[in-house]
Amino acid sequence: MAGISRKKLLQAAIIAIPAPILLGGLPAIARTPSGQPLTPTPFSCDEDDDLTPPQMEGPYFKPNSPLRTSMLDGPGTRLTLTGYVFGINCQPIPGALLDFWQADNNGAYDNVGNKFRGHQLTNTQGAFSLTTIVPGLYPGRTRHIHVKVQAPGRPILTTQLYFPNEPRNSTDTLYDPALLMTVQQVGSAKQATFDFVLNVPGTPPTSPPPSASPSASASASPSPTAPGGTWQAYVAYAVGARVTYGGATYTCQIAHTSLPGWEPPNTPALWKRA
Ligand SMILES: [Fe+2]
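Residues numbered from 1 in each chain as written. Predicted model: local features only at pLDDT ≥ 70, side-chain atom pairs only at ≥ 80, totals over all residues.

- Per an unreviewed UniProt entry, the protein chain goes by Protocatechuate 3,4-dioxygenase beta subunit and derives from Allocatelliglobosispora scoriae.

Here is the structure:
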């Protein structure tokens, strides 16, 4: 490739540098030594961060994975993966959908059930956390985790995440160092971090906090382009709540505080059309 960006060079360097040296350095978000994101400063990624590159879906994706952040469905080395989903300009994306699927400890995918499959939404800070195991190897591939990432109402990014210091990374034709997680050994488990950067606008940091009360929002400026209906932004909706939007009725699937852009047609994980 003609142009190798600064970030790619930095990420390539991750392979050779012990993880502790990287702490506080390369990851877009400041993190504690335990790998947990520091929540107050989620707006500090580099403006020139590359978009997270897409990768092939492969043959083992299945729709309708369960909503969950933990998929410890079998034996293996425990792995915690945390990170943020950013839009361009380094702004985090709350309510982004992440759908993970991976092989079990023996390198096999569950193509009948939903073992080692799960989806979740980023929180109001744009952060996610997945508890799983280190996937096993299977012929022809290096170690990897599949994921689809989607900002509300935006196109889906399908990609794969990779582990540093894997012997097969150098021979896997799909492997891309831009998709390397930062991985630390913590006791008998591994803690990994990865931040996605999607080619969509993020949420301005000036967005009202999720604690804004429904009564307060009633007097706030109404969304001028609302096509009509009872759905509103900045309202705490409980599971089972029903709203109308655009002439259709929706039922809340996950308790959440709504934000602009989370209109029911944009967030099928949150709202099911009745
Ligand atoms: Fe795979």
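1. Some words on the overall build of the protein chain
Then, in step 1: What the protein chain contains, in helices and strands, is 3 helices and 14 strands.
Then, in step 2: For the protein chain, contacts bridging at least 24 residues in sequence account for 65% of all contacts bridging at least 6. (Helix = DSSP H or I, 4+ residues; strand = E, 2+ residues; numbered from the N terminus. Contact = placed C-beta atoms within 7 Å.)

2. Overview of the sheet that holds strand S11 (residues 242–245)
Then, in step 1: Reading across the sheet, the 3 strands line up as S11-S12-S14 and stay open at both edges, with antiparallel pairing between neighbours. Each having just a single partner strand, S11 and strand S14 (271–273) make up the two edges of the open sheet. Taken pair by pair, the neighbouring strands of this sheet meet at an average axis angle of 40 degrees, ignoring direction.
Then, in step 2: Bridge count for S11 against strand S12 (residues 248–252) is 4 bridges, and the pairing is antiparallel. Each residue of the ladder has a partner; that of Arg 242, found in S12, is Thr 251. (Pairing = 2+ DSSP bridges. Axes fitted to C-alpha atoms, helices over the stretch in contact; angles between N-to-C directions.)

3. Here's the deal with the environment of Cys 90
Then, in step 1: Structurally, Cys 90 is set in the loop between strand S1 (78–88) and strand S2 (97–101).
Then, in step 2: Distance in space between the C-alpha atoms of Cys 90 and Val 197 is 7.6 Å, their sequence separation being 107 residues.

4. Description of the nonpolar core
Then, in step 1: Ranked by internal contacts, the top residues of the largest apolar core, which has 38 residues, are Val 85, Phe 86, Ala 96, Val 149, Met 181 and Leu 198.
Then, in step 2: Mapped onto this core, the elements with two or more residues apiece are S1, S2, strand S4 (127–133), strand S5 (144–150), strand S6 (156–162) and strand S9 (196–201).
Then, in step 3: Per element, the largest residue contribution to this core is 5 residues, and it comes from S1.
Then, in step 4: Setting aside its immediate chain neighbours within four residues, Val 85 contacts Pro 92, Ile 93, Ala 96, Thr 122, Gly 126, Phe 128, Val 149, Phe 196 and Leu 198. (Core = buried A, V, L, I, M, F, W, Y, C linked by C-beta atoms within 7 Å. Buried ≥ 20, exposed ≤ 12 C-beta atoms within 10 Å, placed from the backbone.)

5. Let's talk about the pairing of S6
Then, in step 1: Buried residues dominate S6, accounting for 5 of its 7 residues.
Then, in step 2: Turn length for the S5-S6 hairpin, with the two strands adjacent in sequence and antiparallel, is 5 residues, and the turn residue Gly 153 shows positive phi of about 75 degrees.

6. Section: the environment of Pro 53
Then, in step 1: Looking at where Pro 53 falls in the secondary structure, it is placed in the loop between helix H2 (19–22) and S1.
Then, in step 2: The spacing of Pro 53 and Leu 157 is 104 residues in sequence and 8.2 Å in space, taken between C-alpha atoms.
Then, in step 3: Setting aside its immediate chain neighbours within four residues, Pro 53 contacts Thr 159, Asp 176, Ala 178 and Leu 179.

7. Side note on the confidence of the model for the protein chain
Then, in step 1: Within the protein chain, residue pLDDT values average 79, and 71% of them lie at 70 or more.
Then, in step 2: Long-range and interchain partners of residues 1–44, a stretch whose pLDDT sits below 50, account for 67 contacts in this model, where long-range means more than four residues apart.
Then, in step 3: Note on residues 206–226: pLDDT under 50 across the span, and 14 contacts to partners over four residues away in sequence or across chains. (pLDDT = per-residue confidence, 0-100.)

8. Observations concerning the pairing of S11
Then, in step 1: What you see with S11 is a clean split: Val 243 and Tyr 245 sit on the buried side and Arg 242 and Thr 244 on the side with no burial.
Then, in step 2: Adjacent in sequence and paired antiparallel, S11 and S12 are bridged by 2 residues, among which Gly 246 carries a positive phi angle near 60 degrees.

9. Details of the sheet that holds S2
Then, in step 1: On the basis of which strands lie adjacent, the open sheet formed by 4 strands has the order S3-S2-S5-S6 and antiparallel pairing. One side of each edge strand has no neighbouring strand; the edge strands of this open sheet are strand S3 (117–121) and S6. Adjacent strand axes in the sheet meet at a mean angle of 20 degrees when their direction is disregarded.
Then, in step 2: One ladder, built from 5 bridges, connects S2 with S5; its direction is antiparallel. Across the sheet, the residue bridging to Trp 101 is His 146, located in S5.

10. Looking at the environment of Ser 70
Then, in step 1: Following the sequence through the fold, Ser 70 ends up in the loop between H2 and S1.
Then, in step 2: Assessed through the 12 C-beta atoms surrounding it within 10 Å, Ser 70 is described here as exposed.
Then, in step 3: Taking the C-alpha atoms as reference points, Ser 70 and Phe 116, separated by 46 residues in sequence, lie 8.9 Å from one another.

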